[in-house]
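Chain by chain, the residues run as shown.
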Amino acid sequence: MLRTLSITAGLVALGLSAPASAQTTFQIGHSLSPNSHYQVGAQTFADLVAERTNGRYRIEIAPGGSLGSEREMVEGVQLGTVDMVLTSMGTVGAFVPETLVLDLPFLFNDAAHARAVIDGEIGAGLLEAVEAKGFRPLAWAENGVPGFVTRDRAIAKAEDLSGLKMRVQANELHTATFEAMGSQGVPLGFGEIYTAMQTGAIDGTYMVVPIVVTSNFWQVQSHMTMAPLFYQAAMFIMAPSAWDQLDDADRAIFVEAAREAGVATRNAVEKAEAEGLATLREHGMTIATEYDRASFDRALAPVYERFADRIDPALVEKIRQQGN
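About the thresholds
Residues numbered from 1 in each chain as written. Predicted model: local features only at pLDDT ≥ 70, side-chain atom pairs only at ≥ 80, totals over all residues. Heavy atoms only, no water. Helix = DSSP H or I, 4+ residues; strand = E, 2+ residues; numbered from the N terminus. Rg over C-alpha atoms; globule rule 2.2 N^0.38 Å. Buried < 20%, exposed > 50% of the residue type's maximum accessible area, 1.4 Å probe, protein only. Contact = heavy atoms within 4.5 Å. Lys, Arg positive; Asp, Glu negative; His and termini not counted. Charge placed at Lys NZ, Arg CZ, Asp CG, Glu CD. Phe/Tyr/Trp six-rings, centres within 6.5 Å; stacked < 30°, edge-to-face > 60°. Lys NZ or Arg CZ within 6 Å of the ring centre and 35° of its normal. Pairing = 2+ DSSP bridges. Axes fitted to C-alpha atoms, helices over the stretch in contact; angles between N-to-C directions. 1 Å grid on protein atoms, 1.4 Å probe; cavity = no way out; pocket = protein on both sides within 12 Å on 5 of 7 lines; lining within 4 Å. Points joined across faces, edges and corners; volume = space filled by probe spheres on them. Nonpolar A, V, L, I, M, F, W, Y, C, P; charged D, E, K, R; others polar. Salt bridge = Lys/Arg side-chain N within 4 Å of Asp/Glu carboxyl O. pLDDT = per-residue confidence, 0-100. Arc of directions from axis to C-beta. Core = buried A, V, L, I, M, F, W, Y, C linked by side-chain atoms within 4.5 Å.

Peer 1: Now, about the overall build of the chain: what can you tell me, with residues and values included?
Peer 2: Helix and strand counts for the chain stand at 13 helices and eleven strands. Relative to the compact-globule value of 20 Å for 324 residues, the chain shows a C-alpha radius of gyration of 22 Å, a close match. In terms of overall dimensions, the chain has C-alpha extents of about 80 × 45 × 30 Å along its principal axes. For the chain, the residues scored as buried account for 51% of the 324 residues in total. Within the chain, contacts between residues separated by at least 24 positions form 75% of all contacts whose residues are at least 6 apart in sequence. The distance from the centre of the 24 positive side-chain charges to the centre of the 39 negative ones in the chain is 1 Å.

What follows is the structure, given as structure tokens:
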């Protein structure tokens, strides 16, 4: 301490400034556009970290899949080649099977039900499962409740999906869900969806309203049916190698900043969904809100049976009870 004070005093006497604290830069990647709800969350996180660490840490945002596909970024975080990622849980499920429960079709009544689950005891247990697989989860975020986005027909019942080629995430449960309804699940990275729909390589996808708007999917698709097939949770995840560079105080700052940023994504999704539906209608898309839930339940019962050995039925029931 005396040596530090002496050096500082000497610099002041010479009219020089003391050296600034070193700044560490971490990069966070996400797959969506710079005007998306993911960007809102990432920017909120970056701003809070910079403010609360007095600029000692800088978060550089890499949007639009510039660090790779979601799967590649998640794998990079696990390997330590990517510092952080804001990613959908559909992708995480390929690495952490315990989180697949969140992808069961029609498990949640709505976003409020899903949020209550992941913000509580069940969500805490899933965070522990993610950490056990070589990641450092920081906080939950959100994509929202998507809808079916299709070119030639609205999806009012499960049978309407028969024969369609539908984009799915690289997730066995998502693929099984669409196959149970007579579709062919086509796994594609997010950046490939627009062109695949434009060329007819796929007939549609299942996507949240804000992404449909910001990705201009209305240019290549005609129908959107709002049905809560999946709730799409997301997560801020940090590489353990990056996490290990933080002391306890800074770790607490990063976690709390991610939690607040996760809330920011939820707020952005709600706002963007309300505005986005109006925008899609203006661009000529047909928006449907009515669907035959019983037809989906009948078609998807085999999916629950197929995954019963990997997804605890008691946990499924506990989640459903929280929605009653």
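Peer 1: I'd like a rundown of the packing of aromatic side chains, residues and numbers included.
Peer 2: A full pass over the atoms with the stated rule returns 16 aromatic pairs. Consider the rings of Phe108 and Tyr231, whose centres lie 5.8 Å apart with planes at 75°: the pair is edge-to-face. Separated by 123 residues along the polypeptide, Phe108 in the loop between α4 (89–92) and α5 (111–118) and Tyr231 in the loop between β9 (223–225) and β10 (232–238) bring together distant segments of the chain. Across the pair, Tyr231 and Phe108 agree in class, each one buried. Of the aromatic side chains, those joined through ring pairs into one cluster are Phe106, Phe148, Phe178, Tyr206, Phe230, Tyr291 and Phe296. Above the face of the Trp243 ring, Arg136 is positioned so that its terminal group lies 4.1 Å from the ring centre.

Peer 1: Now, about the sheet that holds strand β1 (residues 24–29): what can you tell me, with residues and values included?
Peer 2: Strand order in the open sheet formed by five strands is β2-β1-β3-β10-β4, and the pairing between neighbours is mixed. At either end of the open sheet lies a strand with only one pairing partner, and these are β2 (57–62) and β4 (136–144). When the angles between neighbouring strand axes are averaged without regard to direction, this sheet yields 20°. Taken together, the seven bridges between β4 and β10 define a ladder with antiparallel strand orientation.

Peer 1: Tell me what's going on with empty space enclosed by the protein, and back it up with residues and numbers.
Peer 2: Under the counting rule described, the total for this entry stands at two cavities of 30 Å³ or more. When its volume is computed, the largest cavity comes out at roughly 60 Å³. Considering the residues around the largest cavity, the lining is formed by Arg167, Val168, Gln169, His174, Phe178, Tyr206, Phe230 and Gln232. Of all the elements in the fold, those that place two or more residues in the lining of the largest cavity are β6 (165–168) and α7 (172–180). Classifying every residue of the lining of the largest cavity by side-chain character gives four nonpolar, three polar and one charged. The volume enclosed by the second largest cavity comes to roughly 40 Å³. Lining the second largest cavity are Thr150, Arg151, Asp152, Arg153, Leu164 and Asp203. Here the residues of the lining of the second largest cavity sort into one nonpolar, one polar and four charged.

Peer 1: How would you sum up the pattern of salt bridges? Please name residues and give values.
Peer 2: According to the stated counting rule, one finds 21 salt bridges in the structure shown. Close ionic contact of Arg151 with Asp152 constitutes a salt bridge, the shortest N to O distance being 3.5 Å. A residue is classified by how much of its surface remains accessible, and Asp152, at 59% relative accessible area, is exposed. Measuring nitrogen to oxygen at the nearest pair gives 2.9 Å for the salt bridge that ties Arg310 to Glu172. You can see Arg310 sitting in the loop between α12 (293–306) and α13 (313–322) and its partner Glu172 sitting in helix α7, a full 138 residues away along the chain. By relative accessible area, which is 44% here, Arg310 ends up partly exposed. By relative accessible area, which is 40% here, Glu172 ends up partly exposed. Within this structure, Arg115, Asp119, Glu142, Arg266 and Glu270 form a network of salt bridges that share partners.

Peer 1: For the confidence of the model for the chain, give the residues involved together with the corresponding values.
Peer 2: Counting all residues, the mean pLDDT for the chain is 91, and 94% of those residues have values of 70 or more. Every residue in residues 1–20 is under pLDDT 50, and counting partners more than four places away or in other chains gives five contacts.

Peer 1: Requested: an account of helix α3 (residues 70–79), with residues and values cited.
Peer 2: Of all the residues in α3, the buried ones are Glu70, Met73, Val74, Gly76 and Val77. The buried residues of α3 occupy one face: seen down the axis, they fall within an arc of 155°. Against the buried residues of α3 lie β1, α2 (37–52), β3 (84–88), α4, β10 and α10 (240–243). Of the residues trailing α3, Gly80 is marked for its positive phi of about 90°.

Peer 1: Mind laying out the nonpolar core, listing which residues take part and the relevant values?
Peer 2: A general feature of soluble globular proteins is that nonpolar side chains tend to end up buried together. Counting 104 residues, the largest nonpolar core has Phe45, Phe148 and Phe178 as the members making the most contacts within it. Apart from the residues lying within four places of it in its own chain, the contact partners of Phe148 are Ile155, Leu161, Met166, Phe178, Thr205, Tyr206, His223, Met224, Thr225, Ala227, Leu229 and Phe296.

Peer 1: Please provide a residue-by-residue account of the environment of Ser162, values included.
Peer 2: You can see Ser162 is positioned in the loop between β5 (147–150) and β6. For the pair Ser162 and Gly182, spaced 20 residues apart in the sequence, the C-alpha separation amounts to 4.2 Å.

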